[in-house]
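A look at the structure
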Amino acid sequence: MVTRAALETPWLAPVVVAVVVSALVTGLLLRDRRGTTPVANTDDLRRVPALRAWRVRYRALRVTLALAVATAAVAAAVLAARPVTVQERTRELANRDIVLCLDVSGSMLRYDEQVVATFERLVAGFTGERVALSVFDSTSSTVFPLTDDYALVTDQLRIAREAFAAPGSGAAEELFRGTGGIEGQASLIGDGVASCTLLFDQHDADRSRSMVLATDNEVWGDPVYTLSEAADLAAARGVVLHALYPAHRDMGAATPAALRAAAEGTGGTFAAAEDADAVPAILAQVQQAQLAAMEADPEQVVTDDSDVWVWLLYGAGLAVVVLAWRVRA
């Protein structure tokens, strides 16, 4: 952060000083033209100690008065130009987009709760990353799009966690709305991954894109995209897929193998959904391998900084009044 003093209208300062100096010079010239009345036989008075001391005090008062007037003029000139403090703050923005893509079929709800709870804790450490949440079963529903509004993200993740913990609640019904659009079908994994892939905007921007997918890869129905086709779509759009799988469930070797192949084919990872360290490890890997910092345009914060000059003008003005009265006396 760079801090500097500045004037909002700097051209006003020399204008005010010029006006004040002109007024002073004009006043002195008029005074000299009026002149003084000579008095005879006053040479000896100049040698009187009391008079000499008076003349010294008088000259000192006049010099001090001139300095006070000059100080008041400078203070007035600066105040007219409006003194400010300018702070230039350059922020580093984490250049990452992360979509949390959750299979909300009945077999995955308790794992979804664990994943969301972990993500909810980790969001507190984010600084500029954009996060989105999408849930799917036979169809997909976007809970919230990519955003760096962490208050909103934290609130929505909390609501989702509570919904996963109580599947029969009103919160769960609201969360799952839009995910059962095709009757008689469920867990259309490829379509869910494809929908999550489409949440990544700014395709031309230099941003890393990661998807955290939690699913058992148990398809019930006829999806538009197979998992491998959806993974290819993600890879084509620069999205890295990280898969979380309920490892304790025995659904044959082909199911997790296909999910692992899809994830690793995009450059991503494959981990157990019940592993409490899985999500932090994924995010740590994303941060280590894909974090890019970009310098945002400097943010200027302008703060009025006239207090010192106001008090200086008050003090100098008061001094001018007192000193002028003493000079006249």
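Figured I'd write up the structure that's included with this text.

Definitions and cut-offs
- Residues numbered from 1 in each chain as written.
- Predicted model: local features only at pLDDT ≥ 70, side-chain atom pairs only at ≥ 80, totals over all residues.
- Heavy atoms only, no water.
- Salt bridge = Lys/Arg side-chain N within 4 Å of Asp/Glu carboxyl O.
- Helix = DSSP H or I, 4+ residues; strand = E, 2+ residues; numbered from the N terminus.
- Buried < 20%, exposed > 50% of the residue type's maximum accessible area, 1.4 Å probe, protein only.
- Disulfide = S-S within 2.5 Å.
- Core = buried A, V, L, I, M, F, W, Y, C linked by side-chain atoms within 4.5 Å.
- Contact = heavy atoms within 4.5 Å.
- Pairing = 2+ DSSP bridges.
- Axes fitted to C-alpha atoms, helices over the stretch in contact; angles between N-to-C directions.
- Right-handed = clockwise from strand over helix to strand, strands pointing away.

Summed over all chains, the structure comprises nine salt bridges. Its salt-bridge partner being Arg 130, residue Asp 97 comes within 2.8 Å of it at the nearest N-O pair. On the criterion of sequence distance, the pair formed by Asp 97 in strand S4 (residues 96-103) and Arg 130 in strand S5 (residues 130-136) is long-range, its members being 33 residues apart. Taking relative accessible area as the criterion, Asp 97 reaches 0% and is therefore assigned buried. Of the charged contacts in the structure, one is a salt bridge between Arg 260 and Glu 264, with a shortest N-O distance of 3.3 Å. With a gap of four residues between them, Arg 260 and Glu 264 both fall in helix H8 (residues 254-265), about one helical turn apart. Residues joined by salt bridges that share partners form a network here, namely Asp 97, Arg 130, Asp 201 and Arg 207.

Turning next to the state of the cysteines. Taken as a whole, this structure holds one disulfide when the rule is applied. A sulfur-sulfur distance of 2.1 Å marks the disulfide that ties Cys 101 to Cys 196. The disulfide joining Cys 101 to Cys 196 has a torsion of about 80° about its S-S bond and is therefore right-handed. With Cys 101 in strand S4 and Cys 196 in helix H6 (residues 189-197), the pair connects residues that are 95 residues apart, well separated along the chain.

Take the nonpolar core next. Residues Leu 100, Leu 102, Phe 119, Phe 126, Leu 157, Phe 164 and Leu 244 are the most contacted members of the largest nonpolar core, which totals 35 residues. Only S4, helix H3 (109-122), S5, helix H4 (150-165), helix H5 (170-176), strand S7 (208-214) and helix H9 (278-290) provide two or more residues apiece to this core. Looking at which element gives the most residues to this core, the answer is H4, with six residues. Here Leu 244 is in contact with Val 115, Val 212, Leu 213, Ala 214, Thr 215, Leu 259, Ala 271, Ala 272, Ala 273, Ala 278, Val 279 and Ile 282, once residues within four sequence places are set aside.

A word on the environment of Arg 110. With respect to the secondary-structure elements, Arg 110 resides in helix H3. On the accessibility criterion, Arg 110 (47% relative accessible area) is partly exposed. Separated by 56 residues in the primary sequence, Arg 110 and Ala 166 have C-alpha atoms spaced 9.6 Å apart.

It is worth spelling out the sheet that holds strand S6 (residues 140-147) at this point. Read from one edge of the open sheet, six strands run S6-S5-S4-S7-S8-S9, paired in mixed fashion. Whereas interior strands pair on both sides, the edge strands pair on one side only; in this sheet they are S6 and strand S9 (270-272). If you compare each strand with its neighbour and ignore which way they point, the axes differ by 15° on average. The sheet contact formed by strand S8 (residues 239-245) and S9 spans three bridges and is parallel. What sits directly across from Leu 244, in S9, is Ala 271. Sheet strands touched by H4: S4, S5 and S6. Its angle to S6, the strand with the most contacts, is close to 155°.

Counting buried positions over the eight residues of S4 gives eight, a clear majority of the element. A two-sided burial pattern is seen for S4, the buried positions comprising Arg 96, Ile 98, Leu 100 and Leu 102 on one face and Asp 97, Val 99, Cys 101 and Asp 103 on the other. In terms of handedness, the path from S4 via H3 over to S5 forms a crossover that is right-handed.

Attention now goes to H6. For H6, a buried count of eight out of nine residues is recorded, marking the element as mostly surrounded by other parts of the structure. Within the sequence span of H6, burial applies to Ile 189, Gly 190, Asp 191, Gly 192, Val 193, Ala 194, Cys 196 and Thr 197. Check the buried side of H6 and you find it contacts S4, S5, S6, S7, helix H7 (227-236) and S8.

Geometric descriptors of this kind do not, in isolation, establish any biological role.
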